Amino acid sequence: DGGITQSPKYLFRKEGQNVTLSCEQNLNHDAMYWYRQDPGQGLRLIYYSQIVNDFQKGDIAEGYSVSREKKESFPLTVTSAQKNPTAFYLCASSILSFGTGSGLGNSGANVLTFGAGSRLTVL
Amino acid sequence: AQKVTQAQTEISVVEKEDVTLDCVYETRDTTYYLFWYKQPPSGELVFLIRRNSFDEQNEISGRYSWNFQKSTSSFNFTITASQVVDSAVYFCALSEALAGGGADGLTFGKGTHLIIQP
């Protein structure tokens with residue numbers, strides 16, 4: 001079955017350590033996203049990528065880094081510069097539309113498919 | 001800038017009651033898309049519905065219905081005859097059509113935690 005696989009599901013890290021969260025999709029989606037979820041805060045966009053070898057910062061990119069070497073993979077590294085890394089991290093993917101107008105084949109209409117998430121706790 | 005507000009942090013009802021989750025959005029664009037997602041305790045977000053800004057028809061899917069009103073910038077979600085399995089966090093989200101195409105993700109509200117008591 002097609003879907004998004006995130007690993008590990010739970011991760012513990014000591015302060016000062018970098019940690020990388022894996023995200024793999026077999027949906028043949030072009031676009032991939034990383035969101036952070038904190039209790040009562042909803043989901044906030046960290047980074048997103050529309051094509052291989054290209055990515056853009058989202059609303060809260062500081063202290064995070066990503067790479068997109070393959071279409072299927074979009075790993076997220078939480079660096080030691082991230083001051084409050086304890087959170088639930090969700091990866092998503094979508095098709096990419098470049099049309100205009102109000103139809104569902106147009107940019108902005110893309111439905112995101114989410115992975116099951118990775119919960120990071122800093123000790 | 002776009003913004004989504006879900007003022008209800010938590011709602012608790014008894015099974016079989018009807019419940020409405022509110023969503024108010026802000027956007028400068030005339031073309032935009034609204035979504036609802038469900039997040040069960042397992043954590044994975046599940047897509048429920050997508051509407052575009054030019055289609056204000058209400059939609060019904062089984063026990064779920066959605067009321068889109070551009071005049072009040074609202075996109076409310078009603079569950080009729082709620083069931084325990086409906087217990088989850090529900091997110092409303094907004095996406096604007098990008099002039100150059102492509103995709104830059106969704107803007108989410110903070111979510112409403114719905115508790116259905118047996």
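Structural notes, computed from the coordinates. (Residues numbered from 1 in each chain as written. Chains lettered and ligands numbered in written order. Predicted model: local features only at pLDDT ≥ 70, side-chain atom pairs only at ≥ 80, totals over all residues. Heavy atoms only, no water.)

Broken down by element type, chain A carries zero helices and 11 strands. Listing the helices and strands of chain A from first to last along the sequence gives β-β-β-β-β-β-β-β-β-β-β. With 123 residues in all, chain A has 50% of them scored as buried. Counting only contacts in chain A whose residues sit at least 6 apart along the sequence, the fraction spanning at least 24 positions is 55%. When the accessible surface of chain A is totalled, it reaches about 5,800 Å², and 48% of it is carbon and sulfur. (Helix = DSSP H or I, 4+ residues; strand = E, 2+ residues; numbered from the N terminus. Buried < 20%, exposed > 50% of the residue type's maximum accessible area, 1.4 Å probe, protein only. Contact = heavy atoms within 4.5 Å. Areas by Shrake-Rupley, 256 points an atom, 1.4 Å probe, with all protein chains shown as cover.)

Right, let's talk about the sheet that holds strand β1 (residues 4–7) of chain A for a bit. All names here are of chain A. Overall, antiparallel pairing links the four strands, which are arranged β1-β3-β8-β7 in an open sheet. Sheet topology places β1 and β7 (64–66) at the edges, where each strand pairs with a single neighbour. Averaged over neighbouring strand pairs, the angle between their axes works out to 20 degrees when direction is ignored. The pairing of strand β3 (residues 19–25) with strand β8 (residues 76–78) spans three bridges and is classified as antiparallel. Of the residues in β8, the one forming a bridge with L21 is L76. (Pairing = 2+ DSSP bridges. Axes fitted to C-alpha atoms, helices over the stretch in contact; angles between N-to-C directions.)

All names here are of chain B. Ranked by size, the top nonpolar core spans 23 residues in total, and within it W36, F75, F77 and Y90 carry the most contacts. With four residues, the top contributor of residues to this core is strand β10 (residues 88–96). The residues contacting F77, other than those within four sequence positions of it, are V19, T20, L21, W36, L48, Y64, S65, W66 and Y90. (Core = buried A, V, L, I, M, F, W, Y, C linked by side-chain atoms within 4.5 Å.)

Let's shift gears to the environment of N76(B). Residue and element names in this part refer to chain B. On the secondary structure map, N76 appears in strand β9 (residues 74–79). For N76, a relative accessible area of 19% corresponds to the buried category. Measuring from C-alpha to C-alpha, the distance between N76 and V46 comes to 17 Å, with 30 residues separating the pair along the chain. Setting aside its immediate chain neighbours within four residues, N76 contacts T20, L21, D22, C23, W36, S65, W66 and N67. Side-chain polar atoms of N76 contact the backbone nitrogen of C23, separated by 2.9 Å. (Polar contact = N/O pair within 3.5 Å; in protein donor to acceptor, adjacent residues only side chain to side chain.)

A word on the pairing of strand β4 (residues 31–38) of chain A. All names here are of chain A. Burial analysis of β4 places eight of its eight residues in the buried class, which makes it a mostly covered element. With burial as the criterion, each face of β4 is covered, one bearing A31, Y33, Y35 and Q37 and the other bearing M32, W34, R36 and D38. Here seven bridges tie β4 to strand β9 (residues 87–94), and the two strands are oriented antiparallel to one another. In the sheet register, W34 faces β9, and the bridge partner there is C91. Judged from the seven bridges that link them, β4 and strand β5 (residues 42–51) form a sheet pairing that is antiparallel. Bridge assignment links W34 to a residue of β5, and that residue is Y47. Once β4 ends, the chain turns through three residues before running back antiparallel as β5, passing G40 with a positive phi of about 75 degrees.

Two aromatic rings are characterised by how far apart their centres lie and by the angle between their planes. Counted according to the given criterion, the structure contains 19 aromatic pairs over all chains. Consider the rings of Y37(B) and F47(B), whose centres lie 5.8 Å apart with planes at 65 degrees: the pair is edge-to-face. Residue Y37(B) is found in strand β5 (residues 32–39), and its partner F47(B) is found in strand β6 (residues 46–52); the two are separated by 10 residues along the sequence. Residue Y37(B) is classed as buried on the basis of its relative accessible area, which comes to 0%. When its relative accessible area of 33% is taken as the criterion, F47(B) is described as partly exposed. An aromatic cluster of at least three residues, connected via ring pairs, comprises Y35(A), F114(A), F35(B), Y37(B), F47(B), F91(B) and F108(B). Across the ring face of F74(A), the terminal group of R68(A) is positioned such that the distance to the ring centre comes to 6.0 Å. Positioned above the aromatic ring of F54(B) is the side chain of K70(B), whose terminal nitrogen or guanidinium carbon lies 5.5 Å from the ring centre. (Phe/Tyr/Trp six-rings, centres within 6.5 Å; stacked < 30°, edge-to-face > 60°. Lys NZ or Arg CZ within 6 Å of the ring centre and 35° of its normal.)

Scope: geometric values only; no functional claims are made or implied.
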